[in-house]
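# Summary of structural features
Each chain is listed here by its residues.
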Amino acid sequence: MSLDSFADRVALVTGGSRGIGRGIALELARSGAAVVFSYRTSPEGAEQTRKEIEQSGGQATALECDVADLEAVQGLVASVQERHGRLDIVVNNAGITRDQLIARMKPEDFDDVIATNLRGTWNLCRTALRPMLRARWGRLINLSSVIASMGNPGQSNYAASKGGIEALTRSLAQEVGSRGITVNAVAPGFIETEMTRGLSDEVRAGLLDRIALGRLGSVEEVARTVRFLASEDAAYISGQVIHVNGGMA
Ligand code: NDP
């Protein structure tokens, strides 16, 4: 394999039916990887991602899976193995928010966010490590957020889940580094997605004041960072959190 080619690589991306996950699936496929991505509630979005990948000359399969469900995640990894016989790159991108000030936040809103974001990431890391340990090569890349280090009112559940993901990333990196597997997190700041397109002009202006580069980031800018971490060029980077936030934190 040439230094920057993903031609023989198989990548699994969770939450590829829209937003950042779609961008990551597209980027890895464009780089030559065979991509499997998961979705939970939007088969239409998943089909759109699959079509975009095919149109750009890539190869992709969409599979339904709730990352919070360990058995479902085991089934997802088994499907990848059956289809491709290997699993090299895993991107834990699926994530949710249930924002509310803590006094008004329902305990279920805390539990759901932890179950999807943190436990979901743990579920897939645990399951995907088996084939990676056998192959003595692997890339685990977990999506965190600038909120893990900054905090944000109304996001105690989300911030805790992302802080947990960063701590998990550092610990796993130490567990599996000797077997040729790197584990890193990418922490985006504010990215142009459906979510941030809905922000009021006032909130947007307040945000822009805090971003050194004076603009929101693009999905592609996050996706290219993930691609770098998945490449041979990032072979000596592990246990790190890479911030993609335009100089915000
Ligand atoms: P979106 O809300 O646009 O997309 C979320 C994706 O996750 C969807 O594909 C959704 O699938 C999937 N998903 C949600 N819950 C589950 C679940 N239980 N099991 C499997 N898949 C699930 O999110 P973004 O693209 O904005 O964010 C992607 C990641 O980046 C998240 O981890 C987020 O926390 C992080 N991030 C985003 C930022 C931003 O500015 N947008 C900033 C910092 C971090 P479906 O559509 O099928 O339900």
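The coordinates are above.
A word on the site of the ligand. Close to the ligand lie 28 residues; Ser 17, Thr 41, Ser 42, Asn 93 and Tyr 158 are nearest. Here an oxygen atom of the ligand and a backbone polar atom of Ile 191 are 3.1 Å apart. Between Thr 193 and the ligand, the recorded distance is 3.4 Å, taken from a side-chain N or O atom to a nitrogen atom. When the free accessible area of the ligand is taken as 910 Å², the share hidden by the protein chains comes to 94%.

Summed over all chains, the structure comprises zero aromatic pairs. A cation sits over an aromatic face here: Arg 9 above Trp 137, 3.5 Å from the ring centre.

On the surface, a cluster of positive charge is contributed by Arg 119, Arg 126, Arg 130 and Arg 134. You can see Arg 134 is positioned in helix 4 (residues 107-135).

Turning our eyes to something else, we now look at the state of the cysteines. Applying the stated criterion across every chain yields a total of zero disulfides. Cys 65 carries a free sulfur, and the closest cysteine sulfur to it, the one in Cys 125, is 14 Å from it. Accessibility expressed as a relative area gives 1% for Cys 125, which makes it buried.

Taking strand neighbours across the sheet as the criterion, the seven strands line up as 3-2-1-4-5-6-7 in an open arrangement whose pairing is parallel. Whereas interior strands pair on both sides, the edge strands pair on one side only; in this sheet they are strand 3 (59-64) and strand 7 (241-244). Across this sheet, the average inter-strand angle for adjacent strands is 20°, counted without regard to direction. The pairing of strand 4 (residues 89-92) with strand 5 (residues 138-143) spans four bridges and is parallel. When the sheet's bridge partners are listed, Ile 89 is paired in strand 5 with Arg 139.

On to the pairing of strand 6 (residues 181-188), then. Counting buried residues along strand 6, eight of its eight residues qualify, which places the element largely inside the surrounding structure. What you see with strand 6 is no split at all: Ile 181, Val 183, Ala 185 and Ala 187 on one side and Thr 182, Asn 184, Val 186 and Pro 188 on the other are buried throughout. Two strands pair when backbone bridges link them, and strand 5 and strand 6 are joined in this way by six bridges, in the parallel orientation. Within strand 6, the residue paired with Leu 140 across the bridge is Val 183. Relative to strand 7, strand 6 is paired through four bridges, and the arrangement is parallel. Counterpart to Val 186 in the pairing with strand 7 is Ile 242.

This part is about the packing of helix 4 against helix 6 (residues 156-176). Interaxial distance between helix 4 and helix 6 falls to 9 Å at its minimum, and their mutual angle equals 15°. Looking at the two axes, helix 4 sits roughly parallel to helix 6. Relative to helix 6, the crossing made by helix 4 is right-handed. Residue-level inspection shows Asp 109, Phe 110, Val 113, Ile 114, Asn 117, Leu 118, Thr 121, Trp 122, Cys 125, Leu 129 and Leu 133 of helix 4 in contact with helix 6, the latter providing Asn 157, Tyr 158, Ala 160, Ser 161, Lys 162, Gly 164, Ile 165, Leu 168, Leu 172 and Val 176.

So, on to helix 3 (residues 70-84). Compared with the 21 Å implied by 1.5 Å per residue over 15 residues, the 21 Å span of helix 3 between its first and last C-alpha is a close match. What helix 3 keeps buried is the set Val 73, Leu 76, Val 77 and Val 80. Down the axis, helix 3 shows its buried residues gathered within 90° of arc, on one side only. Residues of helix 3 that are exposed and point more than 90 degrees away from the buried face comprise Glu 71 and Glu 82. Each element contacted by the buried residues of helix 3 is listed here: strand 1 (10-13), strand 2 (34-39), strand 3 and helix 4. The residue sitting at the N-terminus of helix 3 and contributing the capping side-chain oxygen is Asp 69; that oxygen lies 3.1 Å from the backbone nitrogen of Glu 71.

Relative placement of two packed helices is described by the angle separating their axes and the distance separating the axes. Their axes nearest at 8 Å, the elements helix 1 (residues 19-30) and helix 9 (residues 219-230) cross at an angle of 50°. What the angle tells us is that helix 1 and helix 9 run oblique. Like other packed secondary-structure pairs, helix 1 and helix 9 cross with a definite hand, here right-handed. Side by side, helix 1 and helix 9 meet where Gly 19, Ile 20, Gly 23, Ile 24, Glu 27 and Leu 28 of the first sit next to Val 219, Val 222, Ala 223, Arg 224, Val 226, Arg 227 and Ala 230 of the second.

Attention now moves to unusual backbone geometry. Positive phi outside glycine occurs at Arg 136, with the angle close to 55°. Turning to its location among the elements, Arg 136 is positioned in the loop between helix 4 and strand 5.

Cut-off values and rules
Residues numbered from 1 in each chain as written. Predicted model: local features only at pLDDT ≥ 70, side-chain atom pairs only at ≥ 80, totals over all residues. Heavy atoms only, no water. Near = heavy atom within 4 Å. Polar contact = N/O pair within 3.5 Å; in protein donor to acceptor, adjacent residues only side chain to side chain. Areas by Shrake-Rupley, 256 points an atom, 1.4 Å probe, with all protein chains shown as cover. Phe/Tyr/Trp six-rings, centres within 6.5 Å; stacked < 30°, edge-to-face > 60°. Lys NZ or Arg CZ within 6 Å of the ring centre and 35° of its normal. Patch = residues over 30% accessible without salt bridge, like charges linked within 9 Å, V, L, I, M, F, W, Y side chains within 5 Å. Salt bridge = Lys/Arg side-chain N within 4 Å of Asp/Glu carboxyl O. Lys, Arg positive; Asp, Glu negative; His and termini not counted. Charge placed at Lys NZ, Arg CZ, Asp CG, Glu CD. Helix = DSSP H or I, 4+ residues; strand = E, 2+ residues; numbered from the N terminus. Disulfide = S-S within 2.5 Å. Buried < 20%, exposed > 50% of the residue type's maximum accessible area, 1.4 Å probe, protein only. Pairing = 2+ DSSP bridges. Axes fitted to C-alpha atoms, helices over the stretch in contact; angles between N-to-C directions. Parallel < 35°, antiparallel > 145°, perpendicular 65-115°, else oblique. Left-handed = near helix turned anticlockwise from the far one by under 90°. Contact = heavy atoms within 4.5 Å. Expected span 1.5 Å × (residues − 1). Arc of directions from axis to C-beta.

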